[in-house]
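Summary of structural features
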Amino acid sequence: MALFAVFQTTFLLALLSLRTYESEVLSEPLPLTPESLKVSVNSTCQCLHLQWTVHSLAYHQELKMVFQIQISRFKTSNVIWVENYSTTVKRNQVLHWSWESELPLECAAHFIRMRSMVDDARIPKPGFWSNWSSWEEADAQNMLGHDPLFVFPKDKLVEEGSNVTICYVSRIHQDNISCYLEGVQIYGEQLDRSVSAFELKNVSFIREKGTNVFCKVDQGGVLGGIVLFVSKVLEEPKDFSCETQDLKTLTCTWDPGSDTGLTKQPSQSYTLFESFSGKKTLCKHRNWCDWQVAQDSQETFNFTLLAENYLRKRSVSILFNLTQRVHPMTPYNLLPKNVGATKATMTWKVHSIGNNSTLLCQLELLAEGKVIQQSNVSIKVNGEYLLSELEPDTEYVARVRCAYTNHFWKWSELISQKFNTAEAAPSEAPDVWRNLKLVSGHPTPLSKVHANGKILFYNVIVENLDKPSRFEVLSIPAPASSTELTLDQCSYQIHVTAHNSVGPSPASVIVVSGDPGNEEVEKGRVNGTEDGFSVSWKPQSGDATGYVVEWCDGPQDLPCVLQWKNLGPNTTSTVIRSGAFRPGVRYNFRIYGISTRRMAHLLEKKAGYLEELAPSDNPQVVMSKLTSRSFTLSWKDYSTESQPGFIQGYHVYLKPKAGEQCHPAFEKTVLPEDSVCCKYTIDNPEQKTFVVENLQPESVYEFIVTPYTSVGEGPLDAFTKVTTLDEYSHTLIHIILPMIFCILIVMIICYLKSQWLKEKCYPDSPNPYKSSVLSLIKSKENPHLTIMYVNDCVPDAIEVINKPEGSKIQFLGTRKSPTETEFTKPAYLYLLPTEKNYSGPGPCICFENFTYNQAASDFASCGHFPVTPQAPRHQLGPLTSPENLLKALEQNYMNSLGEIPAGEANLNYVSQLASPTSGDKDSLPTNPPEPALCSEYKMQTAIPLGLASAPPSENSSLSSTTLLGQGEHCR
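These lines cover the structure that appears in this document, whether it is placed above or below. Source: prediction; values computed, not measured.

So, the overall build of the protein
The number of helices and strands found in the protein is five helices and 57 strands. Within the protein, the proportion of its 971 residues that are buried is 39%. Expressed as a percentage of contacts within the protein between residues at least 6 apart in sequence, the contacts between residues at least 24 apart total 68%. Here the protein displays about 55500 Å² of accessible surface, and carbon together with sulfur accounts for 52% of that area.

Okay, here's the thing in structure tokens:
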């Protein structure tokens, strides 16, 4: 017992001394400077890894400490980072810390140091920092090779939208280095003589193989570059959901979003973790994953889906009950059986879920793509349902889907099956109408609802009501919907029935009256809307059994596609709808009343537009009755019914000359091109003529006529110019036109009498080769002589024609009274032979040419006078040649020019010729033959009167005429 007391006392004293020592240690400040600091460089992540220890701690002592870390770049004084790192420290424990650099570590040397401070609550006194550790240098450039240019960081992986700093290290120390991002030059900051840095902000994804960055020396061709891998941002999975089809396997699905896969980084991975069981599975697919449900395990599941890649992680969770996420599998073996004309039975099967689970199945029946029936059936394995109220010979589609009965989650996928019902006899008569203009009947094909099968043909029975014993039966194969019937003026009743493989339809009856029915009926207008045309009419009192509205679907200029609508007897309005209706097209509607005898009587006519439009063209205007003050415009060929709207009237635009005011009937308006114009409005669409009055003579006007509807008017495109006449031009026209007419008649007459006028006014010059005078020349030496040359004869006389006023011409040897010689007559001068004993009139030939002197034509006979042989010799001196005679005549002519007025005298040449006995003109016979009578010829030469003297008188001599001597002239 005493020993135990001694041992207890000793233990308490030792414990007390230990606590006293600890309190002393904790109460005193301890120099806990970090030691053994080591720095390493990780180029892959561009990180500095630090590790150190604190040796000054007591054995088994743990203290909470703060370490302040400083990082400098290029030199120790350039501090770029300061951070406090707190942790619990044990004696000789190796501590670690990492720092990621924005600037690639290869581009600059980094220096690191640290100090510490105790931050433990067990030390009451304020803490203080220890001494700084020595600087530790981390220089990654020492690991570079000897290449002249380096670009960093190598193969860096960043997310889209991040900021990245790149740099280059140059060993050639040149300033002309340029860097490019995908071919676009970038600009940065020079950190020292051989290092420059570039900051890329908000980098974007370009391609899976990375983004190219390169630098080069502009002159030397040195090139260096890197590939920067930019990944799309990892998204959180969307629409995460899990469900089961058999309570044995859960299928979880989600929307993964963008794929972050790159050449350097694979696509993101997905892991499914269940928290209640602690199990997880790595999913093999990007958007779905299967989870096997253990038999008789929990019904509640808490799943977490984790998405991750090299840069980040994303997760989403879901909590659910297994039985509330049942999605049944698609039913199968959906088949029709016992299909009739109006009924059919559908059968199908489903996959079982668990033990004796019940499924709710929905059966839908579709016709022409629309659901017409829908029914719900609860089944376990096999399903069956009877469909009724079907239409004969109709194609239907039945489809089935099922859901879990205990808790509805989703319908299964649909299964579909087509089937056709059987045919039945047509249930209704065909809709029949007639077009009397074409003398034809139009049975409308029965709809599928009433045809109850494929229509094979139509039976048409034509019965003559005036002669009941006469009828005609026609069979028209389908799908024809019209036939042409030639009828006379009798009344006929037409029966039309449709036939399919089962039988005929009820008959449709229509009566065509023998009355042509050309009575005038009321005409009106209807307004079209988006729904169609609203047509109404006055109710008919009496035995009307219904009404028919008839129209054509197409425009009036196209062949009519006849349409009609049957209406009941109590109906007085309807809406006509058609997909063929178009804006700007006039549609005509005719309303017929059907009597109890099935006869149709035209009641009203309507016309309307689905939508009126402005006229697209203007009428062709003809201008007439143009005067100095007015003109008339007419457009009678313009059809108002073929226009895109109801024509309400016309606008006549007139552009007057500058400064002219509009007539009071016109209104002043401004055209779209800002020109001023006068406008006259015609509010009667049937008026198609207009007289433009009160105009100025000899003025230019421009006009155009445009129709207008309720929407607008026709285009103001091309104006027509017209110039008004002179105020007196109509008087001149009345004078000039008759003159022109007379001139034309004279020209026609002259043309018809041209030969006669030619002979009288300007006959042809005689052809010397065809002259009859040649027949008088009897040349022995030259019997073939055909032309009389000047050298072959000499003139014997000169005929002088003188026309001076008041002069009197007298001829030698003849006496005439002054009255007979008042007018101008030709004077003949004869050149006679020089024989002394010759006294009688010599032979002569008189030539006369009306072409040269028409006045001489009145005196075509030769005149001659005697010349005495006692004439002075000097006056009858010989003329050796005709040339001498011409010279003498020319000289005498020049002397007489001043005595006779020009144009008042002519000289005609007359030749006297004796037939020589030989061809030599120089050896004439001494005894000439007896002179013959003178022969008349046309005069051949015209010589002015000045070449001869005045007409001879009784006391005058031929002093001005030189006669040839004997033997020197032609005979």
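Now that the structure has been shown, the text picks up again.
Considering the sheet that holds strand β3 (residues 62-73)
Consider a sheet: its strands pair through backbone hydrogen bonds, and that pairing is either parallel or antiparallel. The strand order across the open sheet built from four strands is β4-β3-β6-β7, with neighbouring strands paired in antiparallel fashion. In this open sheet, the two edge strands, each paired with only one partner strand, are β4 (79-90) and β7 (136-138). Along the sheet, successive strands turn relative to each other by an average axial angle of 30 degrees, direction set aside.

Observations concerning the nonpolar core
The biggest cluster of nonpolar side chains holds 24 residues, and the ones touching the most others in it are Trp433, Tyr458, Val460, Ile494, Val496, Val548 and Tyr592. Element by element, the count of residues in this core is highest for strand β36 (residues 492-499), at four residues. Other than its neighbours up to four places away in sequence, isoleucine 494 contacts Val460, Ile461, Leu485, Ser508, Val509, Ile510 and Val512. Counting residues in hydrophobic clusters, the runner-up holds 23 residues, among them Leu390, Ala398, Cys402 and Tyr404.

Quick look at the state of the cysteines
Using the criterion set out here, one finds five disulfides in the structure. The partner cysteine of cysteine 107 in its disulfide is cysteine 167, sulfur to sulfur 1.5 Å. Classification of the bridge connecting cysteine 107 and cysteine 167 rests on its S-S torsion, roughly 70 degrees, and on that basis the disulfide is right-handed. A residue pair is termed long-range when its members are at least 10 positions apart, and cysteine 107 in the loop between β5 (95-100) and β6 (110-118) and cysteine 167 in strand β10 (residues 164-170) qualify at 60 residues. The class of cysteine 107 is buried, set by a relative accessible area of 0%. The class of cysteine 167 is buried, set by a relative accessible area of 1%. A sulfur-sulfur separation of 2.0 Å characterises the disulfide bridge that pairs cysteine 361 with cysteine 402. When the S-S torsion is 95 degrees, as for the bridge of cysteine 361 with cysteine 402, the disulfide is right-handed. With cysteine 361 in strand β26 (residues 359-367) and cysteine 402 in strand β29 (residues 395-404), the pair connects residues that are 41 residues apart, well separated along the chain.

Focus: the pattern of salt bridges
Evaluation of the coordinates by the stated rule reveals 12 salt bridges. The salt bridge partner of glutamate 159 is arginine 312, with a shortest N-O separation of 2.5 Å. With glutamate 159 in strand β9 (residues 157-159) and arginine 312 in the loop between β22 (300-308) and β23 (313-321), this pair connects stretches of sequence that are 153 residues apart. When its relative accessible area of 31% is taken as the criterion, arginine 312 is described as partly exposed. Residue arginine 207 pairs with glutamate 182 through a salt bridge whose shortest N-O separation is 2.9 Å. On the criterion of sequence distance, the pair formed by arginine 207 in the loop between β14 (195-200) and β15 (211-217) and glutamate 182 in the loop between β11 (177-181) and β12 (184-186) is long-range, its members being 25 residues apart.

The rules behind the values
Residues numbered from 1 in each chain as written. Predicted model: local features only at pLDDT ≥ 70, side-chain atom pairs only at ≥ 80, totals over all residues. Heavy atoms only, no water. Helix = DSSP H or I, 4+ residues; strand = E, 2+ residues; numbered from the N terminus. Buried < 20%, exposed > 50% of the residue type's maximum accessible area, 1.4 Å probe, protein only. Contact = heavy atoms within 4.5 Å. Areas by Shrake-Rupley, 256 points an atom, 1.4 Å probe, with all protein chains shown as cover. Pairing = 2+ DSSP bridges. Axes fitted to C-alpha atoms, helices over the stretch in contact; angles between N-to-C directions. Core = buried A, V, L, I, M, F, W, Y, C linked by side-chain atoms within 4.5 Å. Disulfide = S-S within 2.5 Å. Salt bridge = Lys/Arg side-chain N within 4 Å of Asp/Glu carboxyl O.

By themselves these figures say nothing about function.
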